[in-house]
Amino acid sequence: MTQDTVRVRFAPSPTGYLHVGGARTALFNWLLVRKLAGVFVLRIEDTDRERSSDEHTEAILHGMRWLGLDWDEGPFFQGAGLERHRADVARLLELGRAYRDYSTPEQAEADRAEEMEAGRRLRRARERADALGVEDSDRRAAAGEPHAIRFRVPDGETVWDDMVQGERRFRNEEIDDLVILRSDRTPTYNLAVVSDDADMGITHVIRGDDHVSNTPKQILLYESLELDVPAFGHVPLILGPDGKRLSKRHGATAVGAYEEEGILPEAMFNFLALLGWSPGDDREVFGVDELIEAFSMERVGRKSSVFDVTKLQWLNGQHLARKSPDEIRRLVLEALERRDPGLRAAAEDRDPAWIDGLIDLLKVRARTLEDLADQAVPFLGPLSGYDEQTAAKQFMKDPAAVAERLSALKVALAAVDWAEEPMESTLRATAEQRGEGAGKLIHPLRLALTGRGQSPGIFEVMVLLGREEAEDRIDAAIRHLEDEGDT
């Protein structure tokens, strides 16, 4: 590593799954170092032992692999740095930049109440520590008396040039003397992060704007430990469609849920990149290499962005359309297998060219792989039934009349070439001869052929099914209608 190497880290907590906001943060870090030939470090911040789990850790790693966010170093685990964290606290204590706090719970509660009434930081714990003196503090510590250790926030102002937000200023008098080591000798978040980032040589910290209040505390810790301060960049939060912070009430927030719904990883990657970043032109559909080339922190905006599921699905459709026939066939077969292994077997029994034709027919209307697989189901075997709502409108109001229409249409189609144009002309001519609108034939025909009220162009469907299969399905629909008419 050279001094000029950009080193970033993504440091999720394994107390939950990889959520959209965390994935976007990881992605911005990853894009920056891939653009600048830097190093991407993965660190799992597992110091919350009660809420952390191996299941969540694996889900985070899986989500990152699925998105293609490969890391160069790690995963490291924050818990492994405990002795270093304690050593950094001891150094601050030795330098007089931290102090022991022997406050009782009652004193701490009284301090909070007094500060609330005063409307400002009073730092009563510091006053008690200074009045106690170093010798008495050392003696009580040596005797094993429980205590926390607090950082002595210096006077003045903390200023940094944020990579996203520009110059940020915090008055130090508004920052409490934060606890850096608890009475059980475990470090708190801000101390552990600074110690870890310094140990890993992190040069740039890119994270969500919800962390901005931690930054002045961490800068002061870096300076007090006489460490190089990294560059900070705080990206705006992601909002739901109602303008409030994205949460479960807006739907799925875990990245894994979108994988299960059939979103392509490259589509999610593309979508997340556009949440807060702009290429500076009208482009919206990007491949990974295109994003690496275009990305820069200068084009990350200051305003929050809205998580628009409709746009995600649109982007997914665009990336589906970019797939080669072999790629998309493989993905669709996998989606069919998740739904029912028998469906995959039925698809694999077909000629690959026929499957490719089916996919081409369906993908125009599909937005996800699961959607595409669902649309393919009626074409992969005998219909299991008819959509109840559509059938109630188109079949059941007058089953005998609908059966008669389908019978007349089948007779007319038997005399024409099995191609889109002659079939459409024949259907429309048949409707005209009967004094009916074409829809009177098209709608029940669609239900007869697909079991559903919506499908691709019905004449394209007929060509794909072939004459024999289409006629068999029309016959089955006629029998169904006749049975219904007899009940």
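Quick summary incoming for the structure in this document. (Residues numbered from 1 in each chain as written. Predicted model: local features only at pLDDT ≥ 70, side-chain atom pairs only at ≥ 80, totals over all residues. Heavy atoms only, no water.)

**Digging into the overall build of the chain**
And then number 1: Of the regular secondary structure elements, the chain holds 22 helices and twelve strands.
And then number 2: A compact globule built from 487 residues should have a C-alpha radius of gyration of about 23 Å, whereas the chain, at 32 Å, is more than 25% larger.
And then number 3: Along the longest, intermediate and shortest principal axes, the C-alpha atoms of the chain span 105 × 50 × 35 Å.
And then number 4: A burial count over the chain gives 47% of its 487 residues as buried.
And then number 5: The contacts of the chain with a sequence gap of at least 6 include a subset with a gap of at least 24, amounting to 76%.
And then number 6: Surface summary for the chain: the accessible area is close to 23900 Å², and the carbon and sulfur share equals 47%.
And then number 7: Counting 64 positive and 91 negative side-chain charges, the chain places the centres of these two groups 4 Å from one another. (Helix = DSSP H or I, 4+ residues; strand = E, 2+ residues; numbered from the N terminus. Rg over C-alpha atoms; globule rule 2.2 N^0.38 Å. Buried < 20%, exposed > 50% of the residue type's maximum accessible area, 1.4 Å probe, protein only. Contact = heavy atoms within 4.5 Å. Areas by Shrake-Rupley, 256 points an atom, 1.4 Å probe, with all protein chains shown as cover. Lys, Arg positive; Asp, Glu negative; His and termini not counted. Charge placed at Lys NZ, Arg CZ, Asp CG, Glu CD.)

**Comments concerning the packing of aromatic side chains**
And then number 1: Here the structure, examined in full by the defined rule, presents seven aromatic pairs.
And then number 2: Measuring from centroid to centroid gives 5.8 Å for Trp160 and Phe170, while their planes differ by 15°, and the two rings are stacked. Taken as a pair, Trp160 in strand β6 (residues 157–162) and Phe170 in strand β7 (residues 166–171) lie far apart in primary sequence, ten residues in all.
And then number 3: Centre to centre, the rings of Trp277 and Phe295 are 5.8 Å apart; their planes meet at 35°, and the pair counts as tilted. Of this pair, Trp277 sits in the loop between α10 (265–273) and α11 (288–294) while Phe295 sits in the loop between α11 and β12 (305–306), and the two are 18 residues apart along the sequence. Of the two residues, Trp277 and Phe295, both sit in the buried class.
And then number 4: If you follow Arg140 out to its NZ or CZ, it ends over the ring of Tyr102, 4.3 Å from the centre.
And then number 5: Cation over ring: Arg350 sits above Trp354, and NZ or CZ is 3.9 Å from the ring centre. (Phe/Tyr/Trp six-rings, centres within 6.5 Å; stacked < 30°, edge-to-face > 60°. Lys NZ or Arg CZ within 6 Å of the ring centre and 35° of its normal.)

**Side note on the pairing of strand β3 (residues 73–77)**
And then number 1: Relative to β3, strand β2 (residues 39–44) runs parallel, the two sharing three bridges. Across the sheet, residue Arg43 finds its bridge partner in β3, namely Phe76.
And then number 2: Tracing the backbone out of β2, into helix α2 (residues 54–67) and back to the parallel element β3 gives a crossover that is right-handed. (Pairing = 2+ DSSP bridges. Right-handed = clockwise from strand over helix to strand, strands pointing away.)

**Considerations on the packing of helix α15 (residues 352–362) against helix α21 (residues 458–465)**
And then number 1: Packing of α15 against α21 leaves a shortest axis separation of 11 Å and a crossing angle of 170°. With respect to α21, the axis of α15 lies roughly antiparallel. Counted together, Trp354, Gly357, Leu358 and Leu361 of α15 and Glu460, Val461 and Leu464 of α21 form the full contact between these two elements. (Axes fitted to C-alpha atoms, helices over the stretch in contact; angles between N-to-C directions. Parallel < 35°, antiparallel > 145°, perpendicular 65-115°, else oblique.)

**A short note on the pattern of salt bridges**
And then number 1: Counted according to the given criterion, the structure contains 50 salt bridges.
And then number 2: The salt bridge partner of Glu45 is Arg43, with a shortest N-O separation of 3.0 Å. Both residues of the pair, Glu45 and Arg43, count as buried.
And then number 3: The salt bridge partner of Glu115 is Arg121, with a shortest N-O separation of 3.6 Å.
And then number 4: On the accessibility criterion, Glu115 (16% relative accessible area) is buried. (Salt bridge = Lys/Arg side-chain N within 4 Å of Asp/Glu carboxyl O.)

**Considerations on the environment of Arg152**
And then number 1: Position of Arg152 among the secondary structure elements: in the loop between β5 (148–151) and β6.
And then number 2: The spatial distance from the C-alpha of Arg152 to the C-alpha of Gly96 is 8.1 Å, given a sequence separation of 56 residues.
And then number 3: In this structure Arg152 touches Gly96, Arg97, Ala98, Tyr99, Arg126, Asp130 and Asp177, once residues within four positions along its chain are discounted.
And then number 4: A polar atom in the side chain of Arg152 sits 3.5 Å from the backbone oxygen of Gly96. (Polar contact = N/O pair within 3.5 Å; in protein donor to acceptor, adjacent residues only side chain to side chain.)

**Some remarks on the pairing of β6**
And then number 1: Here β6 shows a clear split, with Thr158, Trp160 and Asp162 buried on one side and none of Glu157, Val159 and Asp161 buried on the other.
And then number 2: Where β6 folds back on β7, the antiparallel hairpin that results is connected by three residues.

**Regarding the side chain of Thr450**
And then number 1: Residue placement: Thr450 occurs in helix α20 (residues 439–450).
And then number 2: Within polar-contact distance, the side chain of Thr450 engages the backbone oxygen of Arg446 at 2.8 Å.
And then number 3: A polar contact is formed between the side chain of Thr450 and the backbone nitrogen of Arg452, at a distance of 3.2 Å.
And then number 4: Apart from the residues lying within four places of it in its own chain, the contact partners of Thr450 are Pro378, Phe379, Leu383, Ser455 and Val461.

**Concerning α2**
And then number 1: Over its 14 residues, α2 extends 20 Å from the first C-alpha to the last, a length consistent with the 20 Å expected when each residue adds 1.5 Å.
And then number 2: Every buried residue of α2 is listed here: His56, Thr57, Ile60, Leu61, Gly63, Met64, Trp66 and Leu67.
And then number 3: The elements touched by buried residues of α2 are β1 (7–10), α1 (20–36), β2, β3, α9 (255–260) and α10.
And then number 4: In the stretch just after α2, Gly68 is the one whose phi turns positive, near 85°. (Expected span 1.5 Å × (residues − 1).)

**A short note on the nonpolar core**
And then number 1: Counting 103 residues, the largest nonpolar core has Leu31, Met64, Met268, Phe307, Leu380, Leu406 and Leu445 as the members making the most contacts within it.
And then number 2: For Leu445, the residues in contact, after removing those within four places along its chain, are Leu406, Leu409, Leu427, Ile458, Met462 and Ile474.
And then number 3: Judged by nonpolar contacts, the second largest core, of 25 residues, contains Ala98, Val153, Met200 and Phe232. (Core = buried A, V, L, I, M, F, W, Y, C linked by side-chain atoms within 4.5 Å.)

**Some points on the sheet that holds β2**
And then number 1: Read from one edge of the open sheet, three strands run β1-β2-β3, paired in parallel fashion. In this open sheet, the two edge strands, each paired with only one partner strand, are β1 and β3. Averaged over all pairs of adjacent strands, the angle between their axes in this sheet comes to 25°, without regard to strand direction.
And then number 2: Contacts from α2 reach β1, β2 and β3 within the one sheet, and its direction differs from that of β2 by about 160°.

Fair warning: the whole summary comes from geometry, so function is off the table for now.
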